[in-house]
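Reading the structure
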Amino acid sequence: MENIILSLQTVATLEVMIVIVLSSAYGMLVGCIPGLSATMATALLVPITFYLSPVAAIASIISASAMAIFSGDIPGTLLRIPGTPASAAYMEEANAFTRRGEPETALGTGLWFSALGGIFGTVVLVLVAPLLASIALQFSSYEYFWLGCLGLLCATLVSNGPPIKSFAALMFGLLVSTVGMNNAAGVPRFTFSSYELYSGIDVVSALVGVFAVAEVMRAMTAPDAPAAPRRRFGSILGKQWALTLRYKKQMLRGNLVGVMIGALPGAGADMAAWVAYATSKRFSRTPEKFGTGHSEGLVEASSANNSALAGGWVPSLLFGIPGDTITAIAIGVLYMKGLNPGPTLFTENADSLYSLYWVFLIANIIMIPLGLLMIRSTTYVLRVPRWTIMSTVLLCSAVGAYAVSNSLFSIVVVAAFGAIGYALDKYGYSVAAFVLGLVMGPMVEQNLVTSLIKSGGDVTPFFTRPTSVVLAFLTIAALLVPSLLRLLRNRRRVAV
């Protein structure tokens, strides 16, 4: 109770409340603009968090990402152009409401059930994370090594596209994470006699490049979005209570799907929305209505995308394993602010942790009034010229990277990783897997070296400790099972 009161006092400060409101408005605006993702919005905030208190810094990430995930529904509904990848899952369904002259129904559904899904995910985070933390306190470096490997492999399994390309992107991210002298031996690796690389690749600059500059490069090659027609919206939330009562089972199922998928490394809100919409259609009594402007699929998918955000924080806070690209960025901010992810965070910084729970709750509550305001003003936002937005993003990326490190080399890193992120996406390689490899590489290497030092070079403890052998089995299974299943399918095809 003492921690709850202290955390509420921390969140109720003027700095944190202003940060929540401004970050929420910023995330709502960025998500509404086609081509700008929630991850990009989060990446651009990282340099600003350098000047904020720890709770305010994380509050900005949480608030902006939650708003951007919902706000991506607005251009998808009105223009048939998804604002974020998560909204692409049910874009056709939402746009069918617009063609029928009822866009406010689809937008209200997205807003209302996204907020409820975010609150549900927050409750699960509050209840589940401390229980798992008590178990994780028993983990040693052996278990953390296998857990890191399992998280990396899961990221390749759930990524979109061919698994081999996801695995290649993951290995490339791990390779980049080894640059510099930040290793047990203190030996320069892949520095090419450049003193700037001795300290390794700055993760903040790399993430800003991969997500922000790469978005600018993609926008340069994409056609401009059509102008949004001027339109007067009717009652946006008028039908939502009736839909809540009618589809309460679908809402609960979407919330659960979102939390479970969000907890998988590399999955995130995008995959949660696709799986929830497909699940809704699979179990619906009227699947023929899907795609014609039917609320059932929207309810379940909207419930899933924001509950997945909170679910992604479970492995991030407990083990430092990102649930998605947004929490990968957040982990970097946590380390920068001295809030090292792990089970000790629940004991040594309990008041800061409870503050994050309050921020989640507040952000999802204020999503409703801010969402209503954004929907009403959406015609003006969608008419802003793209070149104005992209030039601003590029300028913020360069200035932000320089502000964090006071080095011109950081701007070079931002530009280089922007090109890398653009190339990975263009040729079908998983950007999420690359980022997870970059962020988690040092953790996996550190726990491997620490374990070998403790055992004197003996690898048997990796396979003899009870928890370690279970995690080792799961990791090896995650590596081999997909290949074995593919081999069996090919044999059956040949036999037929």
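Up top is the structure.
The notes below deal with the structure included here.

**Brief notes about the packing of helix 3 (residues 38-49) against helix 4 (residues 54-71)**
In the contact formed by helix 3 and helix 4, the axes pass within 9 Å of each other and the chain directions differ by 160°. The angle between helix 3 and helix 4 places the two elements in the roughly antiparallel class. Viewed along their axes, helix 3 and helix 4 form a crossing whose handedness is right-handed. Between helix 3 and helix 4, the contacting residues are Ala38, Thr42, Leu45 and Thr49 on the first element and Ala57, Ser60, Ile61, Ala64, Ser65, Ala68 and Ile69 on the second.

**Details of helix 14 (residues 295-319)**
Here helix 14 is 25 residues long and its end C-alpha atoms lie 38 Å apart, about the 36 Å a rise of 1.5 Å per residue gives. Of all the bends found along helix 14, the most pronounced is centred on Ala308 and spans about 30°. A large share of helix 14 lies buried, amounting to 25 of its 25 residues. Phi turns positive, to about 75°, at Gly320, one or two residues after helix 14.

**Some thoughts on the environment of Ile326**
With respect to the helices, strands and loops of the structure, Ile326 is situated in helix 15 (residues 325-336). Residue classification places Ile326 among the buried positions, given a relative accessible area of 6%. Sequence separation between Ile326 and Gly151 is 175 residues; the distance between their C-alpha atoms is 16 Å. Those residues in contact with Ile326, other than ones at most four positions away along the chain, are Ala38, Thr39, Thr42, Ile61, Ser65 and Leu309.

**Considering the packing of aromatic side chains**
Working definition: an aromatic ring pair is given by the centre-to-centre distance plus the angle between the planes. What the rule picks out here adds up to twelve aromatic pairs. Judged by centre distance (5.2 Å) and plane angle (80°), the rings of Tyr142 and Phe462 are edge-to-face. Remark: Phe462 occurs in helix 22 (residues 461-464) and Tyr142 occurs in helix 8 (residues 141-158); sequence separation between them is 320 residues. Both residues of the pair, Tyr142 and Phe462, belong to the buried class. Taking the centre distance of 5.3 Å and the plane angle of 35° together, the rings of Phe172 and Phe434 count as tilted. Placement of the pair is Phe172 in helix 9 (residues 163-177) and Phe434 in helix 21 (residues 431-455), with a sequence separation of 262 residues. We classify Phe172 as partly exposed; its relative accessible area is 33%. Take Phe434: its relative accessible area is 0%, and that puts it in the buried class. One aromatic cluster is present, built from ring pairs that chain together Tyr142, Phe145, Trp146, Phe462 and Phe463. Arg100 extends its terminal NZ or CZ atom over the ring of Phe97, reaching a point 4.8 Å from the ring centre. Geometry around Phe283 places Arg282 over its ring, the cationic atom sitting 5.4 Å from the centre.

**Quick notes on a positive patch on the surface**
Residues Arg486, Arg489, Arg492 and Arg493 make up a contiguous surface patch of positive charge. With respect to the helices and strands, the residue Arg486 is situated in helix 23 (residues 466-495). Relative accessible area serves as the criterion here: at 37%, Arg486 is assigned to the partly exposed category.

**Some remarks on the side chain of Asn305**
With respect to the helices and strands, Asn305 occurs in helix 14. Of the polar contacts made by the side chain of Asn305, one reaches the side chain of Tyr90; its length is 2.8 Å.

**Section: the packing of helix 3 against helix 10 (residues 203-221)**
Two elements in contact, helix 3 and helix 10, have axes whose closest approach is 9 Å; the angle formed by their N-to-C orientations is 135°. What the angle tells us is that helix 3 and helix 10 run oblique. Here the hand of the crossing between helix 3 and helix 10 comes out left-handed. Of the residues in helix 10, those in contact with Thr39, Met40, Ala43, Leu44 and Val46 of helix 3 are Val204, Leu207, Val208, Phe211, Ala212 and Glu215. Within the contact of helix 3 with helix 10, the residues separate by chemical class into nine nonpolar, one polar and one charged.

**Topic: a nonpolar patch on the surface**
There is a patch of nonpolar side chains on the surface, built from Phe167, Met171, Val459, Phe463, Val469, Val470, Phe473, Leu474, Ile476, Leu479, Leu480 and Leu484 and spanning about 1100 Å² of accessible area. With eight residues, the top contributor of residues to the nonpolar patch is helix 23. Relative accessible area serves as the criterion here: at 39%, Leu474 is assigned to the partly exposed category.

**Topic: the pattern of salt bridges**
Pairing is possible between side chains of opposite charge, provided their charged atoms come close. Counted according to the given criterion, the structure contains six salt bridges. With a shortest N-O distance of 3.9 Å, Glu102 and Lys239 are connected by a salt bridge. With Glu102 in the loop between helix 6 (91-99) and helix 7 (103-136) and Lys239 in the loop between helix 10 and helix 11 (240-246), the pair connects residues that are 137 residues apart, well separated along the chain. What makes Glu102 partly exposed here is its relative accessible area of 24%. Here Glu300 makes a salt bridge to Arg253, at a shortest N to O gap of 2.8 Å. Taken together, the residues Glu300 in helix 14 and Arg253 in helix 12 (residues 248-262) connect sequence positions 47 residues apart. Salt bridges linked by common partners bring Arg100, Glu102 and Lys239 together as one network.

About the cut-offs
Residue numbers here run from 1 along each chain, matching the order of that chain's written sequence. With pLDDT at 70 or above as the cut-off, local features in this predicted model cover only qualifying residues; side-chain atom pairs require 80 or more to be listed or tallied, and sums for whole chains, interfaces and linings still use all residues. To obtain the side-chain values, all non-hydrogen atoms of the structure were included, while hydrogens and water were left out. Fitting a line to C-alpha atoms yields each axis, with helices limited to the stretch in contact; the angle taken between N-to-C directions then spans 0 to 180 degrees. Secondary structure elements are taken from DSSP: a helix is a run of H or I of four residues or more, a strand is a run of E of two residues or more, and numbering for both begins at the N terminus. We call two directions roughly parallel when the angle between them is under 35 degrees, roughly antiparallel when it is over 145, roughly perpendicular when it lies between 65 and 115, and oblique otherwise. By definition, turning the near helix anticlockwise from the far helix through less than a right angle yields a left-handed crossing, and turning it clockwise yields a right-handed one. Note on contacts: a residue pair is in contact if any heavy atoms of the two residues lie within 4.5 Å. For a helix, the expected span equals 1.5 Å multiplied by the number of residues minus one. Each residue is assigned a bend, namely the angle between axes fitted to the seven residues that terminate at it and the seven residues that start at it. Exposed residues in this analysis have more than 50% of their type's maximum accessible area, buried residues have under 20%, and partly exposed residues fall in between, with area computed by a 1.4 Å probe over protein chains only. Two rings from Phe, Tyr or Trp (for Trp, the six-membered ring) form a pair when their centres sit within 6.5 Å of each other. Planes less than 30 degrees apart are called stacked, planes more than 60 degrees apart edge-to-face, and all others tilted. Sitting over a ring, as applied to charges here, requires NZ of Lys or CZ of Arg to be within 6 Å of the ring centre and within 35 degrees of the ring normal. In this analysis, a patch consists of residues with relative accessible area above 30% that form no salt bridge, clustered at 9 Å for like charges and at 5 Å for the nonpolar side chains Val, Leu, Ile, Met, Phe, Trp and Tyr. Under the convention used here, a 1.4 Å probe and the Shrake-Rupley method define accessible areas, while residue burial counts only the protein chains that appear. Salt bridges are counted wherever a side-chain nitrogen of Lys or Arg sits within 4 Å of a carboxyl oxygen of Asp or Glu. The sign given to each residue is positive for Lys and Arg and negative for Asp and Glu; His and the chain ends receive no count. Here the site of a charge means NZ on Lys, CZ on Arg, CG on Asp, or CD on Glu. Whenever a nitrogen or oxygen atom comes within 3.5 Å of another N or O atom, the pair is scored as a polar contact, on the condition that within protein one atom can donate a hydrogen and the other can accept it, and that pairs from neighbouring residues in sequence are kept only if both atoms are in side chains. Put simply, Ala, Val, Leu, Ile, Met, Phe, Trp, Tyr, Cys and Pro go in the nonpolar bin, Asp, Glu, Lys and Arg in the charged bin, and everything else, Gly too, in the polar bin.

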